[in-house]
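# Remarks on the overall topology
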Amino acid sequence: MKTILKNVTLINPNQNLNRKGIDILLTDGIISKIGNLTKEDKNDSHEYDFSGKVITPGFFDMHVHLREPGREDEETVLTGCNAAANGGFTGIACMPNTEPAVDTAEVVEFIKKQAANHLVDVEVIGAATLGRKGEVISPMAELKEAGVKGFSDDGSAVKTAGILKRALEYSNMFDLPIIEHCEDESLAGGAMNEGLNSTMLGLPPIPSIAEDLIVMRDIIVSEYTGGRIHIAHISTKKSVEMVREAKKKGLRITAEVTPHHFTLTDDAVRTYDTNTKMNPPLRTQNDVNEILLGLQDGTIDCIASDHAPHSLEEKEAEFEYAPNGIIGLETQIGLSLTELFHKKILSLEKLIEKMAINPRKILNIPIPKFEVGEKANFTILDLDEIWTVDLSRSKSKSKNSPFDKRLLTGKPVATVNNKLMFYKDKFIKL
Ligand code: DOR
Ligand code: ZN
């Protein structure tokens, strides 16, 4: 089948490519011509006019919680993939804090089977320790064999420096990163950032040093072992500064930030809306400013959602008892374009690097190329569309987000991958 995507701007910073007004011919989901299409090319083809729209390598979200197996009432692999396609992503990596945790090849294979034949590629992150309990290292060789792209005890930090050292020594043999949720256990358990707001609201606090201490520990253990650490959802000024210094020293440290941590501060918690409760918690403007600097100077490599679906009943508990986390797959691109691109914090090229290129580099996944013969793996963006988030239209099974009704500028229009295009709320075979 032939498909023509008409009059697009093609941007791929990984190929130094930026071309305007191009027509692309796809044959059975493969790029078969870029520009100069003939009459013959146009015969029997389906044409889509994407005038003024931008085609980038498919965006990849490296931090997503699918709740299957275990909490299929909150999200399944299928509903998570649908939310990803709707949100502009052609690939995601899912975290291992399922029930059971992803600590055997069987669970990895089960998730991959659930994701088969979807537009969205699902990569799996394995647990760093058995059951994520922090006591015994997971069977990393078996998990690697099953195809995992990294290891994490996300939801908690790897419990001790001793286990982390061993985990890094093993994961290094497979050139896979440890993705670290940085939170010192002895300072954890609060409901929001420690500061004036937590005092005023009377909520149990999580101090910023809970994060900083583990970032510091991990940098030191990474330097000692030569193993690779990826800092998940960085949220404090000091952590950003430490990662910056570690990178200057040439250490193997990378970092990601979520849209909520560069968009909101702990002032948002004053509403007592449990959709402002997440872990790490929303911090202060001082932290947000450093995160923006870190995005600009390359200290922060990626933007990832930490998409964390939770049931309405559980989120409706009192703030202190509600679970941590918000969904993010369908608001991430809009928030990033609005807050970073349109506010001139990042160029479009830099944004694409942080949302399509760097996550794949960190997980050793091939980066989509715009070349004849390559599989079409695209995100198509309208940079200027002004739209309002409407959670009732989300494809996710859960609706826990603080961004409902938020006005955004810039939107994913379509996603293309695996011989499928998601466009105007439908999957279309290519
Ligand atoms: O907010 C969060 N939600 N932080 C985590 O570390 C875990 C996640 C979840 O799984 O709900
Ligand atoms: Zn997470």
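Note that this is a predicted model, so its numbers are computed, not measured.

What follows concerns the site of ligand 1. In the vicinity of ligand 1, 13 residues are found, and the nearest of them are Arg67, Asn97, His181, Asn279 and His310. Here an oxygen atom of ligand 1 and a side-chain polar atom of Arg67 are 2.8 Å apart. Here Asn324 contributes a backbone N or O atom positioned 3.1 Å from a nitrogen atom of ligand 1. Computed on the free molecule, ligand 1 has an accessible area of 290 Å², of which 93% lies beneath the protein chains in the complex. Of the residues contributing to the shell around ligand 1, the split by class is two nonpolar, eight polar and three charged.

Time to look at the coordination of the zinc ion (ligand 2). Taken together, the protein ligands of the zinc ion (ligand 2) are His63 (NE2), His65 (NE2), Asp154 (OD) and Asp306 (OD), with distances of 2.0 to 2.3 Å. Coordination at the zinc ion (ligand 2) is irregular: its four donor atoms span angles of 83 to 169° at the metal. Positions of the donor residues of the zinc ion (ligand 2), expressed as sequence spacing, correspond to H-x1-H-x88-D-x151-D. Of this pair, His63 sits in strand E6 (residues 59-64) while Asp154 sits in the loop between strand E10 (151-152) and helix H5 (161-173), placing them 91 residues apart in sequence. When sorted by exposure, His63 lands in the same class as Asp154, which is buried.

Ranked by internal contacts, the top residues of the largest apolar core, which has 77 residues, are Ile92, Ile178, Ile231 and Leu295. Looking at which element gives the most residues to this core, the answer is helix H13 (residues 348-362), with six residues. In this structure Leu295 touches Val257, Phe262, Ile300, Ile303, Leu340, Leu346 and Lys354, once residues within four positions along its chain are discounted.

What follows covers helix H12 (residues 332-341). With nine of its 10 residues buried, H12 lies for the most part within the structure. Within H12, the full set of buried residues consists of Gln332, Ile333, Gly334, Leu335, Ser336, Leu337, Thr338, Glu339 and Leu340.

The subject of this paragraph is unusual backbone geometry. For the bond running from Glu68 to Pro69, omega is 5°, close enough to zero to count as cis. Among the secondary structure elements, Pro69 is positioned in the loop between E6 and helix H2 (77-86). Residues Glu99 and Pro100 are joined by a peptide bond in cis, for which omega reads 0°. Among the secondary structure elements, Pro100 is positioned in the loop between strand E7 (89-94) and helix H3 (105-115). Non-glycine residue Asp175 carries a positive phi angle of around 50°. Examined against the element boundaries, Asp175 turns out to sit in the loop between H5 and strand E11 (178-180). What makes Asp175 partly exposed here is its relative accessible area of 32%.

About the thresholds
Residues numbered from 1 in each chain as written. Chains lettered and ligands numbered in written order. Predicted model: local features only at pLDDT ≥ 70, side-chain atom pairs only at ≥ 80, totals over all residues. Heavy atoms only, no water. Near = heavy atom within 4 Å. Polar contact = N/O pair within 3.5 Å; in protein donor to acceptor, adjacent residues only side chain to side chain. Areas by Shrake-Rupley, 256 points an atom, 1.4 Å probe, with all protein chains shown as cover. Nonpolar A, V, L, I, M, F, W, Y, C, P; charged D, E, K, R; others polar. Donors = N, O, S within 2.8 Å, 3.2 Å for Na, K, Ca; no water. Tetrahedral: all angles 85-135°; square planar, octahedral: opposite > 155°, others 65-115°. Helix = DSSP H or I, 4+ residues; strand = E, 2+ residues; numbered from the N terminus. Buried < 20%, exposed > 50% of the residue type's maximum accessible area, 1.4 Å probe, protein only. Core = buried A, V, L, I, M, F, W, Y, C linked by side-chain atoms within 4.5 Å. Contact = heavy atoms within 4.5 Å.

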